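Coordinate analysis (summary)
Here are the chains, one letter per residue:
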Amino acid sequence: MTEFKMNEAELEKVFQKRIDDEQKIEPKDWMPEKYRKNLIRQISQHAHSEVIGMQPEGNWITRAPTLRRKMVLLAKVQDEGGHGLYLYSSAETLGISREEMVEALQTGAAKYASIFNYPTLTWADVGAIGWLVDGAAIVNQISLQRTSYGPYARAMVRVCKEESFHQRQGYESLMVLAFGNAEQKQMAQDALDRWWWPSLMMFGPHDADSAHSSQSMKWKIKRKSNDELRQSFVDQSVPQAEYLGLKIPDSNLKWNEERGHYDFGEIDWDEFLRVINGDGMCNRDRISHHVKVHNEGQWVRDAMRAYEEKKRARELKKSA
Ligand code: BYC
């Protein structure tokens, strides 16, 4: 039976079979409208997170303690911008424009990762972001390399390579502080105290409270659940904190021999909801800064459009 003769239910059956057989879905393939919308939601929010995530670290570029640290941080922040661009391009293959996505971000219709609504108060926060925030992002993104939508999966391959460098530079930067003098060690501990819980929130609500999880898992948009990913992150981070001689701020954190995992305390879900609904410490600043620089960049978009029009007019004249 050819595709155009099938009804919606038959098409969905074939689609699900392709997913179950681990085939990638490509932009021109038939897909259920809800799959397309759900992907646009997740990919565009992922892109927004990368772009908004440039702000807290960008805040320290002019104050990095050495030229080497400054070069590394500049490269990292540029990488995050690049990740945003691959992801916006990937979402565009689903039939949404960049303008629509930017508008959704700026009006609050689309979310971005809660973590970027916390301020970077000291230089140690830059190390903590690399270690914990990029560390949490990789745990999630490694599994997203196997997501069912081809352009998203392929974007994740390169993103993961870069995030791995980001994680290491953050950890190395915190090592210098943690093995430094008492004041430096205290800076590192203070950063861990402030970034630990928000990092756990990056994985989203518990599976039982996750609105999109069950459908996203069935369609293999998500390959691992929010709680599974959070657990992997905790398990990998505890020995890393121990090596640094820092204490994770959770009195319930304990190795559970039976489960073969660390048990850990409960996240403050009220805080999580407040932050994702626009009322965190930095939400307003993050969006108003985005609006400001986006408007300041209007001349670039105008110039590109004018150049394209000029080129097209020249080609038309040549072929006339
Ligand atoms: N923050 O049903 P659920 C980076 C929302 S950046 C805000 O579980 P889902 C980096 C969720 O969107 C990398 N919102 O959702 C950059 C949904 O709301 P809507 C960031 C959150 O999608 C710069 C609602 O809560 N990584 O690495 O199944 C410097 C219900 O949740 C959050 C990604 O974006 C949150 N933490 O699962 C340094 C990964 N959690 O849309 C580093 C891609 C949940 O219904 N995204 N919400 O209004 C994902 O893997 C999934 O979207 C999530 C959530 C696991 C985050």
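Scoring rules and cut-offs
- Residues numbered from 1 in each chain as written.
- Predicted model: local features only at pLDDT ≥ 70, side-chain atom pairs only at ≥ 80, totals over all residues.
- Heavy atoms only, no water.
- Near = heavy atom within 4 Å.
- Polar contact = N/O pair within 3.5 Å; in protein donor to acceptor, adjacent residues only side chain to side chain.
- Areas by Shrake-Rupley, 256 points an atom, 1.4 Å probe, with all protein chains shown as cover.
- Nonpolar A, V, L, I, M, F, W, Y, C, P; charged D, E, K, R; others polar.
- Helix = DSSP H or I, 4+ residues; strand = E, 2+ residues; numbered from the N terminus.
- Buried < 20%, exposed > 50% of the residue type's maximum accessible area, 1.4 Å probe, protein only.
- Contact = heavy atoms within 4.5 Å.
- Axes fitted to C-alpha atoms, helices over the stretch in contact; angles between N-to-C directions.
- Parallel < 35°, antiparallel > 145°, perpendicular 65-115°, else oblique.
- Left-handed = near helix turned anticlockwise from the far one by under 90°.

1. Regarding the site of the ligand
Taken together, 35 residues lie near the ligand, and Lys 111, Ser 114, Ser 210, His 212 and Lys 222 sit nearest. With respect to the ligand, the side chain of Arg 41 contributes an N or O atom lying 2.9 Å from an oxygen atom. One nitrogen or oxygen atom from the main chain of Met 201 is found 3.1 Å from a nitrogen atom belonging to the ligand. Summarising the interface, the protein chains cover 90% of the accessible area of the ligand, which totals 1,000 Å² for the free molecule. Of the residues in the shell around the ligand, the class split is 14 nonpolar, twelve polar and nine charged.

2. What to know about the side chain of Gln 55
Take Gln 55: it is sitting in helix H3 (residues 54-58). For Gln 55, a relative accessible area of 15% puts it in the buried group. Each residue touching Gln 55, except ones within four places of it in the same chain, is listed here: Asp 285, Arg 286, His 289 and His 290.

3. Observations regarding the packing of helix H4 (residues 67-92) against helix H6 (residues 123-144)
Contact geometry of H4 with H6 gives a least axis separation of 13 Å together with a crossing angle of 45°. It follows from the interaxial angle that H4 and H6 lie oblique. Our pair here, H4 against H6, has a crossing hand that is left-handed. On H6, the residues touching Arg 69, Leu 73, Lys 76 and Glu 80 of H4 are Trp 123, Val 126, Gly 130 and Asp 134. Among the residues making up the contact of H4 with H6, the classes are represented as three nonpolar, one polar and four charged.

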